[in-house]
Amino acid sequence: LLASYLDEHFGAESYARLQADDGPTPRYRNFLRAIGGHVQIVIGTRSAALCHVPGLELMIVWQDADHSHREQRAPYQHSREVALLRSAQAGISLLIAAPSRSVETQRLVDTGWAIELKVPRELLRAHTARVVATTNDFELERDPVLARARIPSLAWREATKALETGPVLVQVARTGFMPALACQDCRTPARCPACQGPLHIAGKGSHVACRWCGEQYHDYRCAHCASPRIRAASIGADRTAEELGLAFPKVSVISSTGAKPVDRIGGKPALVVATPGVEPFAESGYAAVLLLDADRMMAHDSLRNAEEVIARWFTAASMARADGVVVLTGNPSPAGAALVRYDPASFAERELAERREVGLPPAVRSAVISGLGAERLVASLDPETRARVQIHGPTVIDGPPAQHRYVLFFSYADGTAVTTALRQLRATMSAAKDPVVSIAIDPDDAL
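Throughout what follows, the structure given in this document is the object of discussion. Positions within a chain are numbered from 1, following the residues in the order the chain's sequence is written. Selection of residues for local features in this predicted model requires a pLDDT of at least 70, selection of side-chain atom pairs for listing and counting requires 80 or more, and totals for whole chains, interfaces and linings are taken over all residues. To obtain the side-chain values, all non-hydrogen atoms of the structure were used and water was disregarded.

### Observations concerning empty space enclosed by the protein
Definition in use: Of the two site types, the cavity is a set of points on a 1 Å grid over the protein atoms alone where a 1.4 Å probe fits but cannot get out, and the pocket is an open set with protein on both sides within 12 Å along at least five of seven lines, each lined by residues with an atom within 4 Å of a point. Grid points are joined across faces, edges and corners, and a volume is the space filled by probe spheres set on the points. Put simply, Ala, Val, Leu, Ile, Met, Phe, Trp, Tyr, Cys and Pro go in the nonpolar bin, Asp, Glu, Lys and Arg in the charged bin, and everything else, Gly too, in the polar bin.
Under the definition given, this model contains two cavities of 30 Å³ or more. Each pocket or cavity is described by its volume, and for the largest cavity that value is around 90 Å³. Residues that form the lining of the largest cavity fall into these classes: one nonpolar, two polar and eight charged. In this structure, the second largest cavity occupies an estimated 30 Å³ of space. Taken together, Leu303, Arg304, Pro361, Pro443, Asp444, Ala446 and Leu447 form the lining of the second largest cavity. By residue class, the composition of the lining of the second largest cavity is five nonpolar, no polar and two charged.

Structure follows, in structure tokens:
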């Protein structure tokens, strides 16, 4: 999308694009144009943050909370952290922008390192869609079963009205048809008798099958109560698209998932069912955006889950037209309240304050030590380093042989001393041919 915009306004030769999907030859040609100073604009994925550009004045990081910014190989650098280092060391201006706000960015604002760029509320409201929650008191009085419906009546009404003027985006939590099953009588999750993997139904007319080993079951019975009846514990994008196609037979239904993404659509009325991250770009914006499965998204057990969910919601909401509407389903939550107010900064501020109270990242720094040599490395920490860190663990992550995982928390003031000690210990173990150990500093999945 960014490349298309630059092509239209500045020309195809005005910038260099660095991304692996372009192939080695075009990528290297663009790399030479970038480092040679032949272009004034360089765009790209996370590795572009490391590219040397002569006379660089500004770096922009878009949606820094997205997992794609984190390198999966050592040293596991994040695009935002690379940009922060370059900004501090080379005096380069840095802009971090996104529909929502990460907690790490909020910490930069709280410490005074970064300045917040805020839009006046009147201007913001004039350029954003109206956001309504299906669980507000007025709607609950009109529809008592509203909270238990996956697609409440309010969402149906808004979708029907919006389809008269343009496309409607429906964001669902998971891909597939019925990705999770449960017993109809006792609600016990359906598991494979052979490998204990989760059972699912891949599509209309398909049999119950295991997601792990692929075994099919034509006469499955619950292991807890022996009931032959099953129900969908989770509805995927394919099943949602089928249901909406039956409900709106005269409207085309477009499904966009990670396996089959759709890049963009036109302005004609259509129902677009998409999983987070692959919502198609609508040329004139969406007339309505329905955010389904809110409770299921918020139920994941992760420190960053609420932050990630609200980022998905604001990304989808930003695709709606200014005269459109965004409908949020599910029970009330702080993340939902922030979306209704269209105020992601207040949610990030609240999250950071809560993590500061209990000493969790990013209020403190973290290190995850894992592998066969993790236990030996932690045992080798000198007393001075041990006094600087809080050690949590070990937990067994694999085996046999057993691989352990430790999580270390330490302050920003002690960051240099702790990371230096860990680096020296790993170098010593590597030289002695000790078991392999992996060290990740400030990873996204520490908890």
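### Topic: the sheet that holds strand S19 (residues 390-398)
The line we're drawing: Strands are treated as partners if at least two bridges between them are detected by DSSP. Strands here mean DSSP runs of E at least two residues long; helices mean DSSP runs of H or I at least four residues long; both are numbered from the N terminus. For helices, the axis comes from a line fit to the C-alpha atoms of the stretch in contact; other axes are also lines fit to C-alpha atoms, and the angle between any two N-to-C directions lies between 0 and 180 degrees.
Read across the open sheet, the four strands follow the order S19-S20-S18-S21; overall the sheet is antiparallel. What marks the edges here is a single partner per strand, and that holds for S19 and strand S21 (438-441). Ignoring strand direction, the axes of neighbouring strands in this sheet form an average angle of 20°. The pairing of strand S18 (residues 365-371) with strand S20 (residues 403-410) spans seven bridges and is classified as antiparallel. When the sheet's bridge partners are listed, Ile369 is paired in S20 with Tyr406.

### Quick word on unusual backbone geometry
As a reminder of what qualifies: Throughout this description, buried means an accessible area under 20% of the type-specific maximum (1.4 Å probe, protein chains only), exposed means over 50%, and partly exposed covers the range between.
With an omega of 10°, the peptide bond running from Ala74 to Pro75 counts as cis. Within the secondary structure, Pro75 sits in the loop between strand S3 (58-62) and helix H3 (79-90). One non-glycine residue with positive phi stands out, namely Arg187, at about 65°. Note that Arg187 resides in the loop between strand S7 (180-183) and strand S8 (199-201). Judged by relative accessible area, which is 45%, Arg187 ranks as partly exposed. The phi dihedral of Tyr342 falls on the positive side, at around 55°, and the residue is not glycine. Secondary-structure assignment places Tyr342 in the loop between helix H11 (334-341) and helix H12 (344-358). A residue is classified by how much of its surface remains accessible, and Tyr342, at 10% relative accessible area, is buried.

### Re the environment of Ala348
Where we set the bar: Contact criterion: two residues are considered in contact whenever any of their non-hydrogen atoms come within 4.5 Å of each other.
Within the fold, Ala348 resides in helix H12. Apart from the residues within four sequence positions on either side, Ala348 is in contact with Arg101, Ser102 and Gln106.

### Some words on the nonpolar core
Spelled out, the test is: Think of a nonpolar core as a cluster: buried Ala, Val, Leu, Ile, Met, Phe, Trp, Tyr and Cys residues, connected wherever their side-chain atoms sit within 4.5 Å.
The biggest cluster of nonpolar side chains holds 28 residues, and the ones touching the most others in it are Leu169, Tyr286, Val289, Leu291, Trp313, Val326 and Leu339. Within the residue set of this core, elements represented by two or more residues are strand S14 (271-274), strand S16 (286-291), helix H9 (294-298), helix H10 (305-317), strand S17 (320-328) and H11. Of all the elements, H10 adds the most residues to this core, at seven residues. Once you skip the residues sitting within four places of it in the chain, Val289 turns out to touch Leu169, Ala316, Ala320, Val325, Val326 and Val327.

### Brief notes about the packing of H10 against H11
To be explicit about the condition: Between 65 and 115 degrees an angle is taken as roughly perpendicular, under 35 as roughly parallel, over 145 as roughly antiparallel, and anywhere else as oblique. If you view the pair so one helix is near and one far, a crossing is left-handed when the near helix is turned anticlockwise from the far one by less than a right angle, and right-handed when it is turned clockwise.
Put simply, H10 and H11 touch, their axes get as near as 10 Å, and they point 25° apart. Taken together, H10 and H11 sit at an angle that is classed as roughly parallel. Both H10 and H11 take part in a crossing whose hand is right-handed. Here Ile310, Trp313, Phe314 and Ala317 of H10 come into contact with H11, specifically with Ala335, Gly336, Ala338 and Leu339.

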